[in-house]
Structure formats: structure tokens, C-alpha cells
Amino acid sequence: MAAVPAGLVQSLVVKAQRRMLDEIGRAVGTPVVYLKAAWAEPVLYGGRGERMGGDIDVLVRGRAAAAFATALEQRGFTFHCPRWSRATHFLRNHAWAYMGPRGQLPVDLHLGLTEPPFFRMDVEECLDRVTAYDSVDGPILSLCPEDQVIYAAAHYANHNFDLDGRHLADVERLCRQRPIDWEAVWPRARRFRLDLAVALVAETLAARGVPVSLAGCPRGLGFSLRLARTRRWVATVPELRRTVPPSRVADKLLRIPFVSGRPAALPLYVLRHGAIQILDVAAGLLDPGVAHTDVRKKTDMGKR
């Protein structure tokens, strides 16, 4: 017998895990919204194993996160949080990482979609607009098409545009298969402080022949200056990618603040980052045996 392709095996594993995750969501009272490969593979690629991912990304309501996390641990998943990064993990990261039991993929439990204070997608608002997409595995819940475009832009911006092209390829397929209401995308992107990042994504899509409306794209001197600054280190054709080597300090202090549509993003980041670094050290020194679930319950993730 011919060997089964690895991608198809992973697709079947993810299908089984989605059933488990949906069951947890029903039990704790939250929709389970699938992101990136966990949504794209069955919906956009036909479930043939063409779109592989390293984990399963799910978004849940903040009020149900602790119960959802506990249910994952009861099923053998292990919370991953380095001792010296606890404050960073709970106060800065927008997802909790869980390593799966043998034979299962890790799960990234998202309570947010963006990295504050640079960008801020309103999670509850996005959850209110979720769409049930038809797929080979049955209906799969994910962000609505317009939010998918904005989230792709946020994903690249969150990672300083140091990502491969898989997520953008997902959005390209989505735009070719479903109509996108660009008149809704642009004002939403401005509110989420992602107008420039969405403009970069739109430029790449347009260069690939995808119908894109730029009528609502921001204009004005301020936006033009931010865009010109960003073009010095981000290219959009033929793919969305950075053109200079990554630098954590330069990216956060000199580059990403111009991508963000929030004027006070840089000073807020400096203050927040410094405070979190102090808390990282304090948490590692004072409470090395902290219980993960207890910390989650004491942490107001909904305010991030």
C-alpha cells in the first residue's frame, strides 16, 4: 500500500481534535473559533492535507478561558510557560500554549488576536460576527471574511512581518472564493489600529490579481509618512515580507510604532514592557511552584 501523505494524516488528527475542542466549548459555554490552518485546511483546501500547521489555534471568550484551559489539562494537555516568562505569558501574550498528549497537536488557546498596545482587535466584537464555513468536515466556526483579512494583517504585524506566506495564501484563496466587503474592512481596520497593515496586505493581494477596493484606504500626510517609513523595511510584491534582518529592539521601538495607528503606542509599550519584565523576575523568584490554573483565574485576560 502507498504511504499516506503526512499532511493528510495531520488533517485527520486535527479533525478529531476539533470534535474534542467543540465539546469542551459547549461544556464551558463559549464558541470555539478556529484560526489559520485549523480553519483554512478543511474550508479552503478541501481537507487534503495541503495546508499544514504546527498547532491548532482557537479563539474563545475570555470569561470561559480558565474553564476551557482546565478541561484541556484534564484531557492530558500540558500548559507551557517558562518560569522566567510568567508575567510576559499572562499579561503580554495573547494566547496560552498547551502541548498535546502523544499523537495530538499542540493547542494555542487565544484570548486575543493582537499585541497590545500597538494593535487592538476587539475580540468580543469579532466573536459576535463569526461565520460557520462549509467544509469537507462539516461546518467550522471562524472569523467572518472581513475579519479574516484584518487578522491576517495583524498576524504579520504581530510577528514584525517575519513570517512565511501561508496565512496570506489563505486570505488570497478566501478572497477568490467569497466576496469581501472592503467598505467594512477599512473603518474596522482603523478602529483596530491596523489600517496600515491591512493596506500592505491589500497591496499584495491586488498585485496577485485579487479584486481589492482601496476606496476606503486612509489618505493624508500622516498615513503617507507612516507608509513610506514602513516601505523601507517591508515589501509587498511579489509577497509580503520584511527586507531587513530582524531586530527585536529596533522592530519594537523604531518600526512597529509606525505601523500602528495609535499615536501613544511607543511610550505605552516602553512602560508596559518594563513593568512586565520586572514582574517576570519577581514571579520566577518568589513563586517557582505556582499552579497554572490558579494564576489564570487571578489574571484578568479580558483587559489585554
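None of the values given here were measured: they were computed from a predicted structure.

> It is not clear to me how the confidence of the model for the protein should be interpreted in this structure. Could you clarify?
Detailed reading of the predicted coordinates is not advisable wherever pLDDT is low. The pLDDT averaged across the protein works out to 90; a share of 90% of its residues lies at or above 70. Segment residues 290–304 is flagged for pLDDT under 50; beyond a separation of four residues in sequence, or across chains, it makes 35 contacts in the model.

> Quick question: what am I supposed to make of helix 10 (residues 221–231) here?
Each α-helix turn comprises 3.6 residues. Residues three or four places apart therefore point the same way. Turning to helix 10, its buried residues number three or more, namely Phe223, Arg226, Leu227 and Thr230. Take helix 10 and look down its axis: the buried residues cluster within an arc of 100 degrees, on one side only. Across from the buried face of helix 10, at angles greater than 90 degrees, the exposed residues are Leu221 and Leu225. Those residues of helix 10 hidden inside the fold are in contact with helix 9 (195–207), strand 8 (234–235) and helix 11 (248–259).

> Please explain the side chain of Arg61 as it appears in this structure.
Within the element layout of this structure, Arg61 appears in the loop between strand 2 (56–59) and helix 3 (65–74). Setting aside anything within four residues of it in sequence, one finds Arg61 in contact with Thr30, Pro31, Glu124, Leu127 and Asp128.

> I'm lost on the sheet that holds strand 4 (residues 95–99) in this one. Help?
Backbone hydrogen bonds hold the strands of a sheet together, and the pairing may be parallel or antiparallel. Here 5 strands make up an open sheet; going across it, the order is 1-2-5-4-3 and the pairing mixed. Pairing within the sheet leaves two strands with one partner each, and these edge strands are strand 1 (33–35) and strand 3 (78–80). Mean inter-strand twist for the sheet, computed between neighbouring axes without regard to direction, equals 35 degrees. Packing of helix 2 (residues 37–44) onto the sheet brings it into contact with strand 1 and strand 2, and relative to strand 1 it is tilted by some 85 degrees. Relative to strand 4, helix 3 is tilted by about 10 degrees, and along the sheet it contacts strand 3, strand 4 and strand 5 (107–110).

> Would you mind showing me how to read the side chain of Asp108 here?
Relative to the helices and strands, Asp108 is located in strand 5. Although Asp108 is buried, it forms no salt bridge, and the closest oppositely charged side chain is Lys36 at an N-O distance of 5.7 Å. Not counting chain neighbours up to four residues away, the residues in contact with Asp108 comprise Asp55, Ile56, Asp57, Val58, Ala95, Trp96 and Ala97.

> Sorry, what's going on with the packing of aromatic side chains here?
Two aromatic rings, taken as a pair, are described by how far apart their centres are and by the angle between their planes. Taken as a whole, this structure holds 6 aromatic pairs when the rule is applied. Connected via pairs of aromatic rings, a cluster forms that spans Phe118, Phe119 and Tyr269.

> Just checking my understanding: could you explain unusual backbone geometry for this structure?
Excluding glycine, most residues fall at negative phi; most peptide bonds, likewise, are trans. Following Pro116, the chain continues into Pro117 via a peptide bond in cis, with omega recorded as 0 degrees. Positionally, Pro117 belongs in the loop between strand 5 and helix 5 (123–128). The step from Val237 to Pro238 runs through a cis peptide bond, and the omega angle for that step is 0 degrees. With respect to the helices and strands, the residue Pro238 is situated in the loop between strand 8 and strand 9 (241–242). Of note, Lys36 is a non-glycine position whose phi angle comes to about 50 degrees, a positive value. Looking at the secondary structure, you find Lys36 in the loop between strand 1 and helix 2. With a relative accessible area of 15%, Lys36 lands in the buried category. One non-glycine residue, Asn160, lies in the positive phi region at around 55 degrees. Relative to the assigned elements, Asn160 resides in the loop between helix 6 (145–158) and helix 7 (166–177).

> What is the right way to look at empty space enclosed by the protein in this model?
Unfilled space is identified by rolling a water-sized probe across the atoms. Evaluated as defined, the whole model comprises 1 cavity of 30 Å³ or more. Taken as a whole, the largest cavity holds about 80 Å³ of empty space. In this structure, the largest cavity is lined by Gly7, Gln10, Ser11, Val14, Ala37, Ala38, Glu41, Arg51, Gly53, Asp55 and Leu105. If you list the elements that add at least two residues to the lining of the largest cavity, you get helix 1 (6–28) and helix 2. The biggest single contributor to the lining of the largest cavity is helix 1, with 4 residues. Here the residues of the lining of the largest cavity sort into 4 nonpolar, 4 polar and 3 charged.

> So what exactly am I meant to see when it comes to the environment of Arg75 here?
Looking at where Arg75 falls in the secondary structure, it is placed in the loop between helix 3 and strand 3. Considering only alpha carbons, one finds Arg75 and Met20, 55 residues apart in sequence, at a separation of 9.4 Å. Residues contacting Arg75, with those up to four places away along its chain left out, are Met20, Glu23, Ile24 and Pro101.

Cut-offs used in this document
Residues numbered from 1 in each chain as written. Predicted model: local features only at pLDDT ≥ 70, side-chain atom pairs only at ≥ 80, totals over all residues. Heavy atoms only, no water. pLDDT = per-residue confidence, 0-100. Contact = heavy atoms within 4.5 Å. Buried < 20%, exposed > 50% of the residue type's maximum accessible area, 1.4 Å probe, protein only. Helix = DSSP H or I, 4+ residues; strand = E, 2+ residues; numbered from the N terminus. Arc of directions from axis to C-beta. Pairing = 2+ DSSP bridges. Axes fitted to C-alpha atoms, helices over the stretch in contact; angles between N-to-C directions. Lys, Arg positive; Asp, Glu negative; His and termini not counted. Salt bridge = Lys/Arg side-chain N within 4 Å of Asp/Glu carboxyl O. Phe/Tyr/Trp six-rings, centres within 6.5 Å; stacked < 30°, edge-to-face > 60°. 1 Å grid on protein atoms, 1.4 Å probe; cavity = no way out; pocket = protein on both sides within 12 Å on 5 of 7 lines; lining within 4 Å. Points joined across faces, edges and corners; volume = space filled by probe spheres on them. Nonpolar A, V, L, I, M, F, W, Y, C, P; charged D, E, K, R; others polar.

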